[in-house]
Amino acid sequence: MNTATEANFDGLVGPTHNYSGLSFGNVASLNNSARPSNPKAAAKQGLVKMKALADMGFVQGVLAPHERPHIPTLRRLGFSGSDTNILEQAAKQAPKLLAAVSSASCMWTANAATVSPSGDTSDKRVHFTPANLVNKFHRSIEHETTGAILQATFKDEKHFAHHPALPSVDHFGDEGAANHTRFCHGYGEQGIEFFVYGMEAFNNSAPHPAKFPARHTLEASQAVARRHGLSPEQVVYAQQNPDVIDAGVFHNDVIAVGNRNAHFYHQEAFLDTAKMKQDLLTAWGDRASKLHLIEVPSNAVSVQDCIQSYLFNSQLLSRDDDDMVLVVPGECENNPAVWAYLNSLVVGQSPINEIKVFDLKQSMSNGGGPACLRLRVALTQAEQAAINPSTLMNDTLFERLNIWVDKHYRDELHEKDLADPQLLIESRNALDELTQIMHLGSVYEFQR
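Draft legend 1. Up close: the pairing of strand β1 (residues 4-11). The element β1 is largely enclosed, with a buried count of six among its eight residues. Bridging between β1 and strand β15 (residues 374-380) involves seven bridges; their strand directions are antiparallel. Opposite Phe-9, over in β15, you have Leu-375 as the bridge partner. As judged from the five bridges shared by β1 and strand β2 (residues 59-63), these two strands associate in the parallel manner. Looking at the pairing, Asp-10 lines up with Val-62 of β2.

The following block contains the structure:
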């Protein structure tokens, strides 16, 4: 049997981490708009989680942040002159545009790409498609750099296939792995790829949310499945409940999480729960292990409790067969209904046997929990050996990155600080040094 493991690649929080309220439909992002942020604390909170999971024996990688403020985008939008002149013009003429091109949102690597392991693909390589994130301007500028960083991390063409993002139009709105999970008996075996979408772009009569946008389309998921060479019998599509999108559940990973043979989801997560369950069970077939469908009832945990606590924006990690740990943010512990449910869960019959709590307040205040911060990549031993080793978390990298953060990051950042030319210089110096630490090459435009 082809043995494999699941690696988690977390986004390193960038030096311009700030709260500008850019994400319509993301309640936490909107509620914390204009508060001062702490980029140094945010980066260190993320590093602590990465190191803790590496110490627990999980394969943990790091994905570099992007260049921000992104001067090339401002130039494309008509601002000219020196970089300092461009920042001055943008701050005066279009401050919200400056905030958008300064966002550190690439830290949420669940949106970086959709990844299909070699056990599922027709050419037996790991396939990556960066998400176009077309629904939000500040995220739609990410995919080219994301692709470059993924290629610098997963270099070997013998093992890894890299695709460009889908066309950047609403019809193919793609939010990446935040709306994708994979069920399998073992990570190296053929699994079931589970795609969740918010709407059908070419069917106006199909259900869709009324208040907030459905960021991900069925058509995008189908296109990714085709280009990754997935077997149709091993792919399941399910529509997210439009009502929960309108309540603030902007991605499926805010209302459901899956891993191996466990699907942990809220009663109201899907438009047609019965069909979702039947489709998964049909695709699962007679595999050696049982498929655990863990449905959280609304009378135990409300949708609003899910949004406030990010219960489902958690990492569900396998330590062994039918032994899983759930990594949750501290907000879960502070929500009585959620904490009571979790305590009952671990003593029940599910494979979830332990809850690990992490302080991720800086990320949570912008609407991103543990699951937002990581991209999952199932890898065989040969594929794991082919990864850029300088991107894998260990004692040495943890120490180097903490020193690097202390050297380059600010303790406090206000939206008005984004116009400071010194912040751009600090950010570029930081990223230039980071590419040397992680041996990424010239992945940023300012380096070329």
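Anyway, onward from the coordinates.
Draft legend 2. Fine view of the nonpolar core. With 99 residues, the main nonpolar core has Phe-194, Phe-264, Phe-270, Leu-342, Val-377, Leu-401 and Trp-404 as its most contacted residues. Top contributing element to this core by residue count: helix α2 (residues 39-55), with six residues. Contact partners of Trp-404, with chain neighbours within four places excluded, come to Leu-12, Tyr-409, Ala-430, Leu-431, Glu-433, Leu-434 and Ile-437. Grouped together as the second largest cluster of nonpolar side chains are 15 residues, Leu-87, Leu-98, Val-101 and Leu-418 included.

Draft legend 3. Focus on the sheet that holds β1. In spatial order, the strands read β2-β1-β15; together these three strands make up an open sheet with mixed pairing. At either margin of the open sheet sits one strand with a lone partner, and together these are β2 and β15. With direction set aside, neighbouring strand axes in the sheet form an average angle of 30°.

Draft legend 4. Up close: the packing of aromatic side chains. Tallied over the full model, the rule gives 13 aromatic pairs. Look at Phe-128 and Phe-160: their rings are 6.3 Å apart centre to centre, the planes differ by 65°, and that puts the pair in the edge-to-face class. Pair noted here: Phe-128 is in strand β4 (residues 126-130) and Phe-160 is in strand β5 (residues 160-162), with a separation of 32 residues, a long-range link. Phe-160 carries the same exposure label as Phe-128, and that label is buried. Here the aromatic rings of Phe-194 and Phe-270 are separated by 5.8 Å at their centres, their planes lie at 65°, and the arrangement is edge-to-face. Of this pair, Phe-194 sits in strand β7 (residues 192-197) while Phe-270 is found in the loop between β10 (262-266) and α10 (273-284), placing the two residues 76 residues apart along the sequence. For the pair Phe-194 and Phe-270, one class covers both residues: buried. The side chain of Lys-51 reaches across the aromatic face of Phe-398, ending 5.6 Å from its centre. Against the face of Tyr-187 rests Arg-260, its NZ or CZ located 5.5 Å from the ring centre.

Draft legend 5. Expanded view of the sheet that holds strand β6 (residues 180-183). Here we have three strands laid out as an open sheet, ordered β6-β7-β8, and mixed in their pairing. Strand pairing shows two members of the sheet lacking a second neighbour, β6 and β8 (235-239), which therefore form its edges. Averaged over all pairs of adjacent strands, the angle between their axes in this sheet comes to 25°, without regard to strand direction.

Draft legend 6. Expanded view of the side chain of Lys-51. Its location among the elements puts Lys-51 in helix α2. For Lys-51, a relative accessible area of 12% puts it in the buried group. Setting aside residues up to four positions removed in sequence, Lys-51 forms contacts with Met-393, Asn-394, Asp-395 and Phe-398.

Draft legend 7. Main features of α10. Compared with the 16 Å implied by 1.5 Å per residue over 12 residues, the 16 Å span of α10 between its first and last C-alpha is a close match. What α10 keeps buried is the set Thr-273, Met-276, Leu-280, Ala-283 and Trp-284. Buried residues in α10, looked at end-on, bunch into an arc of 105°, giving them a common side. Of the exposed residues in α10, those oriented more than 90 degrees away from the buried face are Ala-274 and Thr-282. Its buried side turned inward, α10 meets β6, β7, β8, β10 and β11 (292-296). In the stretch just after α10, Gly-285 is the one whose phi turns positive, near 65°.

Rules and cut-offs
- For every chain, the first residue of the written sequence is number 1, and numbering continues from 1 onward in sequence order.
- The model is predicted, so local features are restricted to residues of pLDDT at least 70 and side-chain atom pairs to those at 80 or more, both for listing and for counting; the totals for chains, interfaces and linings are taken over all residues.
- Excluding hydrogens and water, the side-chain figures rest on all heavy atoms present in the structure.
- Classification of residues uses two cut-offs on accessible area relative to the type maximum, computed with a 1.4 Å probe and protein chains only: under 20% is buried, over 50% is exposed, and between them is partly exposed.
- Secondary structure counts use DSSP, requiring at least four H or I residues in a row for a helix and at least two E residues in a row for a strand, with both numbered from the N terminus.
- Strands were regarded as paired on the criterion that DSSP finds at least two bridges between them.
- Working definition of a nonpolar core: buried Ala, Val, Leu, Ile, Met, Phe, Trp, Tyr and Cys residues. They are joined through side-chain atoms within 4.5 Å.
- Here a residue-residue contact requires only that any non-hydrogen atoms of the pair lie within 4.5 Å.
- Angles run from 0 to 180 degrees between N-to-C directions of axes, and those axes are lines fitted to C-alpha atoms, restricted for helices to the stretch in contact.
- Note on aromatic pairs: the rings of Phe, Tyr and Trp (six-membered ring only in Trp) are paired at centre separations within 6.5 Å, and the planes decide the class, stacked below 30 degrees, edge-to-face beyond 60, tilted for the rest.
- By the criterion adopted, a ring carries a charge over it if an Arg CZ or a Lys NZ lies within 6 Å of its centre and within 35 degrees of its normal.
- By definition here, a helix of n residues has an expected span of 1.5 Å times n minus one.
- The arc in question is traced by the directions running from the helix axis to the C-beta atoms.

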